[in-house]
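Each chain, letter by letter, is given below.
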Amino acid sequence: MEISPTLIVLGAAAVAVAIVVFGVVNARSQKSVIEQRLTSFEQHSPAFLDLDGIDIDKEEERPKLRDRLDEALTRRPIGKKWRTALARADLKITVFEYVMLHVLTTIGFMLLAYFLLFPGQLVMAVLGAFIGFFTPRLVVGRMTGARLVKFEAQLPDTLGLWVNALRSGYSVLQSMEAISRDAPEPTATEFKRVVQEVQLGIDMEDSFDHLLQRMESEDLDLVVTAVNIQREVGGNLAEILDVISHTVRERIKLKGEIRVLTAQGRITGYLISFLPILLAIFLNGINPTYVGLLFQNRACGWPLLAIGLTMIGIGMAAIQKIVDIEI
C-alpha cells in the first residue's frame, strides 16, 4: 500500500503539534530559584545580598519533566552551544524551548510550502522544511550580531565612563556599577550581570570570562586582559583604559571605512546568490509546467537542483570570505 505525500505531511504536522503542546503543558509558570534570588537582589541594596532571608518553595525544588528534558539537552555539546548562542542574543528562553521552536518552524514552513505556495510538490515542501529548520538559528545569529555591533560601538564611551569613575575614586566594582546604571543597552545589562555575579560570590576574573563568552569582541578581550593584569601586578588602571579607549575608537573608525569600501562586494554577493533562487520560484509560479519538470524528475532534476544550490552556497561563502577583512 502506497502512502500519499499528503498523509506523510499531515502525520508529521500532527507529531509536531503534539510535541509543542506537550512542551507548553509542562512549561513552568514560576521563576527558577536563581531568578528569584536575582530578582530579590535587584530589589535590595546593590552592595549587600541576604540569600538566607529568601524563602524557596519546596514545590519549586522538585525538577519538573520539562526541566529534566532541558537539563538533559543542556548537558550535550549541541545543547551547550545553543545555550551560549541564546545568552549572546539575550533571549530569555531555555534550550528545550529553542528545540521546540525548531520543530514548530520546520513543520510550519513545510505545510506552508506544500499546501499554499507550491500545492502538492513534495520537493518544495522538503525545501520549506529545510528553510524552517534553520530560520531560528538565522534569527538568533542576526540578533547576536546586531547586539555585538551595538556593544562594540558603545565600548569607547563605556571606557570613558569607566575612566572617569576610577579617577573620581571609585573601585573597579563600583565603576562597573556606575556603568550598569548610566550606560545604554546592551552595555548596561552586560555589566550589571558582571556586578551581580561578583556580589553573589563568583570571582571577578570568572565573571569577566562569562562576559567574554556572551560578547565575543576582541576589543572587550583587550579591556578584560588589562583589568586582570592590573589586579595582579597593580598600576594605574585609569590611564591604561584611557589608552585602550583611544585604540578602540581608531579600530572602530577603520572598521567603518572598510565596511563602506566592501559594501559593493557584499551586495553583489547577495544579488548573485539569491537571484537564481528567486527567478526559479517566480518562473515556477507563473509557468509550473516549464519549471516543474526540474522538481519532479528525480533522476535528473533533483541532482541538478542539489548541484546548483551547492555551487550557489560555495560562491556566496567565497565572496563573503573575500570581503571579510580582518583588522
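Right above here is the structure, for reference.
Residues numbered from 1 in each chain as written. Predicted model: local features only at pLDDT ≥ 70, side-chain atom pairs only at ≥ 80, totals over all residues. Heavy atoms only, no water.

1. Quick word on unusual backbone geometry
As a reminder, the rule being used: Numbering of helices and strands starts at the N terminus; helices are DSSP runs of H or I of at least 4 residues and strands are runs of E of at least 2.
Look at the link from Glu 185 to Pro 186: it is a cis peptide, with omega at 5°. Of note, Pro 186 is situated in the loop between helix H8 (172-182) and helix H9 (187-199). Of note in the backbone geometry, Asp 90 takes a positive phi value of approximately 60° without being a glycine. Take Asp 90: it is sitting in the loop between helix H5 (77-89) and helix H6 (95-117).

2. Observations regarding helix H11 (residues 218-233)
Convention followed: Given the number of residues in a helix, its expected span is that number minus one, multiplied by 1.5 Å. Exposure classes here rest on a 1.4 Å probe applied to the protein chains alone. A residue is buried below 20% of its type maximum, exposed above 50%, and partly exposed in between. We call two residues contacting when some pair of their heavy atoms lies within 4.5 Å. Counted as a polar contact is a pair of N or O atoms within 3.5 Å, where, for protein atoms, one must be capable of donating a hydrogen and the other of accepting one, and residues adjacent in sequence contribute only when both atoms are in side chains.
With 16 residues, H11 ought to run about 22 Å at 1.5 Å a step, and its terminal C-alpha atoms sit 22 Å apart, in line with that. Among all positions in H11, only Asp 219, Leu 220, Val 223, Val 224, Ala 226, Val 227, Asn 228 and Gln 230 are buried. The inward-facing, buried residues of H11 abut helix H7 (122-167), H8, helix H10 (204-214) and helix H12 (237-261). If you check the start of H11, you find a side-chain oxygen 3.4 Å away from the backbone N of Asp 219, and it comes from Ser 217. Of the residues one or two after H11, Gly 234 is the one with positive phi, at around 85°.

3. Re the packing of aromatic side chains
Applied cut-off: Between 30 and 60 degrees the pair is tilted, below 30 it is stacked and above 60 it is edge-to-face, where a pair is any two Phe, Tyr or Trp rings, Trp via its six-membered ring, whose centres lie within 6.5 Å.
The final tally for this structure, using the stated rule, is five aromatic pairs. Between the aromatic rings of Trp 82 and Tyr 98, the centroid separation amounts to 5.5 Å while the plane-to-plane angle is 85°, which identifies the pairing as edge-to-face. A residue pair is termed long-range when its members are at least 10 positions apart, and Trp 82 in helix H5 and Tyr 98 in helix H6 qualify at 16 residues. Through a chain of ring-to-ring contacts, three or more aromatic side chains come together here, namely Phe 130, Phe 133 and Phe 134.

4. Focus on the nonpolar core
In plain terms, the rule: Put simply, a nonpolar core is a bunch of buried Ala, Val, Leu, Ile, Met, Phe, Trp, Tyr and Cys residues held in one set by side-chain atoms that sit within 4.5 Å of each other.
In terms of nonpolar packing, the biggest core is built from 30 residues, with Leu 159, Trp 162, Val 172, Met 176, Phe 208, Val 227 and Leu 241 touching the most fellow members. For this core, the secondary-structure elements that each account for two or more residues are H7, H8, H9, H10, H11 and H12. For this core, the element with the most residues is H7, which contributes six residues. In this structure, Trp 82, Leu 86, Ala 89 and Met 100 belong to the second largest nonpolar core, which totals nine residues.

5. Here we look at the packing of H11 against H12
Two quantities define a packed helix pair, namely the angle between the helix axes and the distance between the axes. Inclusion rule: Axes, fitted as lines to C-alpha atoms, cover a helix only where it is in contact. Angles between the N-to-C directions of the axes lie from 0 to 180 degrees. Put simply, angles under 35 degrees are roughly parallel, angles over 145 are roughly antiparallel, angles from 65 to 115 are roughly perpendicular, and the rest are oblique. In this count, Pro and Cys sit with the nonpolar residues alongside Ala, Val, Leu, Ile, Met, Phe, Trp and Tyr, while Asp, Glu, Lys and Arg are called charged and the others, Gly among them, polar.
Running from N to C, H11 and H12 cross one another at 170°; their axes reach a closest spacing of 10 Å. One finds that H11 runs roughly antiparallel with respect to H12. On H12, the residues that touch Glu 218, Asp 219, Leu 222, Val 223, Ala 226, Val 227 and Gln 230 of H11 are Leu 237, Ile 240, Leu 241, Ile 244, Val 248, Arg 251 and Lys 255. Counted by class, the contact of H11 with H12 contains nine nonpolar, one polar and four charged residues.

6. Focus on H10
It helps to recall that an α-helix has 3.6 residues per turn; residues three or four apart then point in one direction. Which entries qualify depends on this criterion: It is the directions from the helix axis to the C-beta atoms that the arc portrays.
Along H10, the residues classified as buried are Met 204, Ser 207, Phe 208, Leu 211, Leu 212 and Arg 214. Relative to the axis of H10, the buried residues are bounded by an arc of 160° and lie together on one face. Buried positions along H10 lie against H5, H7, H8, H9 and H11.

7. Here's the deal with the layout of surface pockets
Just so we agree on the cut-off: A 1.4 Å probe that fits into a set of points on a 1 Å grid over the protein atoms alone but cannot get out defines a cavity; an open set with protein on both sides within 12 Å along at least five of seven lines defines a pocket, and lining residues are those with an atom within 4 Å of a point. Grid points are joined across faces, edges and corners, and a volume is the space filled by probe spheres set on the points.
A volume near 1,400 Å³ is recorded for the second largest pocket. For the lining of the second largest pocket, the element with the most residues is H7, which contributes 11 residues. Here the lining of the second largest pocket is built from residues that sort into 12 nonpolar, six polar and 13 charged.

8. A short note on the side chain of Gln 154
On the secondary structure map, Gln 154 appears in helix H7. There is a polar contact of 2.7 Å between the side chain of Gln 154 and the backbone oxygen of Glu 185. Once you skip the residues sitting within four places of it in the chain, Gln 154 turns out to touch Pro 184, Glu 185, Pro 186 and Thr 187.

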